[in-house]
Each structure stands twice: as C-alpha cells, then as structure tokens.
Amino acid sequence: TDDEGYEHRAFDFTTEQKYKMLFLVFELFWTTQFIVAVGQIALALAIAQWYFVHDKSEIGTGTFVVAVFEASWFHMGTAAFGSLFLSLTAPFRWLLVFIDRQVTKCGSVGKVLKCCCCLCTCCIERCLNYLSKGAYAHTAIFSHDFLQGGREAFNLVARNVARVTAVSVVCDYILLIMVGVVTASVTALSYAVLMSQLDGDWASVGAPMVVILGISLFVAWLTVELLGMAMTTVQIAYLADMEMFRPGDRFVSKDLKQYMDDAHRFHLESTKGEASNDETQGFASRDQPTYQSAADVY
C-alpha cells in the first residue's frame, strides 16, 4: 500500500530471471533476422535461376515458389548462422539506450561516448548487412555455406572494386530518390483526398498525415530493401559470370551489360581514372576458371 492508500503489486526478479528475459529479447531479434534471411536467400535463388539462363522466357512465376522451397529445405542453417551475426548488434543498441539515459549525469563526456557508440554500431551493422547479403547471394549461386559464401563474395567484390563501387553508387542514388518520391507522392495524394472528403469536419489533418507518412516511409523502405537484395544478387552473378565464362558463353543480357559498362565508365570519368584491360574487355584476361555450362555454377 502506498502513501495514498492504494494497493498495488510489486514484482522482484532474481538475477537468473533477468538473464532469461535478456535471452528471450535476444531470441526475438534472432528470429526476426532469421525470417528476413530466409526471404533474402529465396529471392537470391530466384534471381540466380533467372540470371543463369540464356532464354529468360523459360523463367515463370513458379521459379520463386521453387526458390522458397529450396531456401526452406536446403539453406535454413545458412540463414540461421547469418542472422546470428546480425542479431549480435542488439547488445550495442542496448548499450546506446543505457548511455543515453546517463548523458545528463556525465555531461559532455557522456555525449562524446554516445556519439562514438552510435558511429561504431552503425558501421558494424552496415558492414554485417552488406556482407550477409553478399554471402546469401553467393550461397544462392554456388550453394556454399555462410562463411565460405561471405569470404568468396568479399574476394569477388575486392577483385572488381571499381566496377562494384560505380554500380553501387548509382543504385544507391536511385533507391534514395525512389524512397523520397514514393513517400512524398503517397503523402500528398492522401492529403488531397482527406481535404476533399472532410469538408472542414476536422480541425486538423496533422495526426492522420503523420500516420500516413510513417506507413508510406515504412513500405518504401521495405521495397528498397527488397530491390537492394535483388541488385546485390545481380551484381554478384554478373561478376561471377564475367570471370568464369568466355564472352560467347556468358549469360548477361545486352541491356544489363550496357548498363554496367556505362555506370563503370561514368565512375571512371568522375574520378578521372583509367580502366584496365580486364575492365574494358569484360574480365576476359582474368586468370579464373572457365566453365562451359551453367550446370557447373548453379
């Protein structure tokens, strides 16, 4: 009973119970990342099957269904292991919350520490996200495990860092513009519809517009994540295709090849660089194994 005479219950948790609750929170992060990883692998499998086929008309809607089955049956361990790395960033977020509450007590030192932790957490999370996407894409193409797929994908990107940088910069700008356009368009259209239907019945449409803005931004972000994974898979497949196959046996389409070359040329011109023979001739002179059919790849 408190000072005002109201009765309430108080719960005391033991140290073991607190650790168990923290473990359940960690499992929540791991489960969400695992679901996302399975979806990314399924998408990468579908795109890999589409890419390594000369006649693209052979690919239908059943390709994604088969990809979902293969991801759920053959690559669950890869998804679980990869999602574990991403879920390990959760303790850093908890640390940031704790530091944020202690900023007023520590003054400027606490603020500097908070900024450093935010920077480190963002860098670690972005690196793990990029490496995991590359590992999933490489796993979808070559059926490697997560660690081997991540290592091979990193080496593949490192050997073609100029071309990857050029395409990534262009894709990032396109995705950023798409998020802004989708969010602004949906919000503006919703505002026009609300103003035409309400006829002054509401004092303000500020609260509904904030909700609509948040939902549209969330949906646009999900779409960008989906397209980002697709672009990463196409990029990994393109680099592997350029390195492993002879020019006459490659699976890249003319439009995709032209886009990659234009993006690379634009990047070289903007940085005042010069392309090497391997880059201008489509990796033809690289000392990499050459295969005769897609059966050796996928």
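Residues numbered from 1 in each chain as written. Predicted model: local features only at pLDDT ≥ 70, side-chain atom pairs only at ≥ 80, totals over all residues. Heavy atoms only, no water.

Undergrad: I would appreciate a short explanation of the overall build of the chain in the present structure.
TA: Helix and strand counts for the chain come out as 10 helices and 0 strands. In sequence order, the chain lays out its α and β elements as α-α-α-α-α-α-α-α-α-α. Within the chain, buried positions represent 34% of all 298 residues. Taking all contacts inside the chain whose residues are at least 6 apart in sequence as the whole, residues at least 24 apart take part in 74%. (Helix = DSSP H or I, 4+ residues; strand = E, 2+ residues; numbered from the N terminus. Buried < 20%, exposed > 50% of the residue type's maximum accessible area, 1.4 Å probe, protein only. Contact = heavy atoms within 4.5 Å.)

Undergrad: Mind showing me how you'd approach the UniProt feature "transmembrane region" (unreviewed entry) in the chain here?
TA: In this numbering, the UniProt entry assigns the feature "transmembrane region" (unreviewed entry) to residues 28–53, 73–96, 173–193 and 205–224. The distance from the first to the last C-alpha atom of residues 28–53 is 39 Å, and the span holds 92% helix and 0% strand. As annotated, residues 173–193 comprises 100% helix and 0% strand, and the C-alpha atoms at either end are separated by 30 Å. (UniProt positions renumbered as here; feature names shortened; annotations may be inferred.)

Undergrad: Even after reading the chapter, I still don't get the layout of surface pockets, so can you show me in this structure?
TA: Leftover empty space is mapped by rolling, across the atoms, a probe with the size of a water molecule. Considered as a void within the structure, the largest pocket measures approximately 1,400 Å³ in volume. Taken together, 40 residues form the lining of the largest pocket, with Asn-129, Lys-133, Val-224, Glu-225 and Gly-228 sitting closest to its centre. Those elements that provide at least two residues to the lining of the largest pocket are helix H1 (15–51), helix H5 (108–142), helix H7 (161–198) and helix H8 (206–244). Considering each element in turn, the lining of the largest pocket owes the most residues, 12 residues, to H8. Its residues placed into classes, the lining of the largest pocket shows 23 nonpolar, 11 polar and 6 charged. For the lining of the largest pocket, the domains that each give at least three residues are domain 1 (13–145) and domain 2 (160–274). (1 Å grid on protein atoms, 1.4 Å probe; cavity = no way out; pocket = protein on both sides within 12 Å on 5 of 7 lines; lining within 4 Å. Points joined across faces, edges and corners; volume = space filled by probe spheres on them. Nonpolar A, V, L, I, M, F, W, Y, C, P; charged D, E, K, R; others polar. Domains from an automatic or database assignment.)

Undergrad: Got a minute to help me understand the packing of aromatic side chains in this structure?
TA: Two measures describe an aromatic ring pair: the distance that separates the ring centres and the angle between the ring planes. On inspection of all chains with the given rule, the structure shows 11 aromatic pairs. With centroids separated by 5.8 Å and ring planes inclined at 55°, the aromatic side chains of Tyr-136 and Phe-146 adopt a geometry described as tilted. With Tyr-136 in helix H5 and Phe-146 in helix H6 (residues 146–159), the pair connects residues that are 10 residues apart, well separated along the chain. Per residue, the accessibility class of Tyr-136 equals that of Phe-146, and both read buried. (Phe/Tyr/Trp six-rings, centres within 6.5 Å; stacked < 30°, edge-to-face > 60°.)

Undergrad: Which parts of the structure should I look at to understand the nonpolar core?
TA: A general feature of soluble globular proteins is that nonpolar side chains tend to end up buried together. One finds Tyr-51, Phe-52, Ile-141, Ile-236 and Tyr-238 to be the most contacted residues of the largest nonpolar core, which totals 44 residues. Those elements that place two or more of their residues in this core are H1, helix H2 (62–74), H5, H6, H7, H8 and helix H9 (254–271). With 11 residues, H1 is the largest single contributor of residues to this core. No fewer than three residues from each of domain 1 (13–145) and domain 2 (160–274) sit in this core. (Core = buried A, V, L, I, M, F, W, Y, C linked by side-chain atoms within 4.5 Å.)

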